[in-house]
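A closer look at the structure
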Amino acid sequence: MSELTHHYDEVAARLARAAAEDGRSADEVRLLAVSKTFPAEMIRELYEHGVRLFGESRAPELAEKAAALPADIEWHFIGRLQANKVRKVVQLAGVIHSVDTPELLTRIDRIAGEEGRRPVVLLEANVSGEESKAGVPVGELEAFARQAASLPNVDFQGFMTMAPFDAEPFRIAAIFELLKLTRDELEGKLNRQLPILSMGMSGDFEIAARHGSTLVRVGSLIFGAR
Ligand SMILES: *Cc1c(COP(=O)(O)O)cnc(C)c1O
């Protein structure tokens, strides 16, 4: 087995153990392989190993890779999404994790309608309050969620967040727990299921899996340093 598939399997095994510590089975916390900056051949190798979920953060790179790789890959867009790239991303990505403004959400809905698509969207929350981070503060999530729930051409399924890179594990855990509690509360207020919590990266995916994540986004631990 190659290094790459070995690293993937190792992350998947660690993820399954962490999910079990949270009383959940391995398939309740999915692993998104974040392939940004890495070549299509590496994605193909993991594809042949059975992996279907890949995450990209730039629209042109996503377009190039999607054109070169099998059509049954489920592409997730995880980066900052510029207005003029929405159409490309809507055409190619089944899930958009990084919806961080009402204007962007409205635009995704309109263009998805024009393209005959209905992407899954996750609203990005800035839970830690760090100014450098994208996302909507927790206090503004309800209004944002109501907007998402009202739009016909997006399939609003939950939330995404990033924890501070250098925080203590207990603080990272608290951030993930807070988003989970907020999601639980909004499910009641909006009377709809919001099953996806995209939380956890290479440095904190096990903490995330122990604190409610249903989808972790792991790049460098699988592919190597960028
Ligand atoms: C790059 C990126 C990741 C993966 O980061 P690693 O630390 O390499 O696992 C996850 N989420 C987002 C939003 C990213 O931009």
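Residues numbered from 1 in each chain as written. Predicted model: local features only at pLDDT ≥ 70, side-chain atom pairs only at ≥ 80, totals over all residues. Heavy atoms only, no water.

The next point concerns the nonpolar core. Residues Ile108, Phe159 and Ile222 are the most contacted members of the largest nonpolar core, which totals 68 residues. In this structure Ile108 touches Leu81, Val86, Val90, Ile96, Val99, Pro119, Val121 and Val154, once residues within four positions along its chain are discounted. Counting residues in each nonpolar core, the second largest holds ten residues, with Val34, Val120, Leu122 and Ile196 among its members. (Core = buried A, V, L, I, M, F, W, Y, C linked by side-chain atoms within 4.5 Å. Buried < 20%, exposed > 50% of the residue type's maximum accessible area, 1.4 Å probe, protein only. Contact = heavy atoms within 4.5 Å.)

A word on the site of the ligand. By nearness alone, every residue bordering the ligand is listed as Val34, Lys36, Ile78, Met160, Met162, Met201, Ser202, Arg217, Val218, Gly219, Ser220 and Arg226. For the ligand, an oxygen atom lies 2.7 Å from a polar atom in the side chain of Lys36. In this structure, Ser220 approaches the ligand through a main-chain N or O atom, which is 2.8 Å from an oxygen atom. For the ligand, whose free accessible area comes to 390 Å², the fraction covered by protein is 89%. Per-class residue counts for the shell around the ligand are six nonpolar, three polar and three charged. (Near = heavy atom within 4 Å. Polar contact = N/O pair within 3.5 Å; in protein donor to acceptor, adjacent residues only side chain to side chain. Areas by Shrake-Rupley, 256 points an atom, 1.4 Å probe, with all protein chains shown as cover. Nonpolar A, V, L, I, M, F, W, Y, C, P; charged D, E, K, R; others polar.)

Here we come to helix α2 (residues 40–48). Where α2 is concerned, the buried positions are Ala40, Ile43, Leu46 and Tyr47. On an axial view of α2, the arc spanned by its buried residues comes to 120°, and they lie on one face. Exposed and oriented more than 90 degrees from the buried face of α2 are Glu41 and Glu48. Buried-residue contacts for α2 involve α1 (3–21), β2 (53–56), α3 (59–68), β3 (74–77) and α9 (220–223). Just downstream of α2, Gly50 is the residue with a positive phi angle, here 110°. (Helix = DSSP H or I, 4+ residues; strand = E, 2+ residues; numbered from the N terminus. Arc of directions from axis to C-beta.)

Here we take up the UniProt feature "domain: Alanine racemase N-terminal" (unreviewed entry) in the protein. Taken from the UniProt record, the annotation "domain: Alanine racemase N-terminal" (unreviewed entry) applies to residues 27–225. Secondary structure across residues 27–225 divides into 41% helix and 21% strand, with the first and last C-alpha atoms of the span separated by 27 Å. (UniProt positions renumbered as here; feature names shortened; annotations may be inferred.)

At their nearest, the axes of α1 and α2 sit 10 Å apart, and the two run at 60° to each other. In terms of axis orientation, α1 runs oblique to α2. Note on packing geometry: the crossing formed by α1 with α2 is right-handed. Across the interface between the two elements, Leu4, Thr5 and Tyr8 from α1 touch Met42, Glu45 and Leu46 from α2. (Axes fitted to C-alpha atoms, helices over the stretch in contact; angles between N-to-C directions. Parallel < 35°, antiparallel > 145°, perpendicular 65-115°, else oblique. Left-handed = near helix turned anticlockwise from the far one by under 90°.)

Glancing now at the packing of helix α5 (residues 102–115) against helix α6 (residues 141–150). Two measures define how a pair of helices packs: the angle their axes make with one another and the distance between the axes. The contact between α5 and α6 brings their axes to 10 Å, and the two run at 10°. If you check the angle between α5 and α6, you find them roughly parallel. On α6, the residues that touch Pro102, Leu105 and Thr106 of α5 are Phe144, Gln147 and Ala148. When the residues that make up the contact of α5 with α6 are grouped by side-chain class, the tally is four nonpolar, two polar and no charged.

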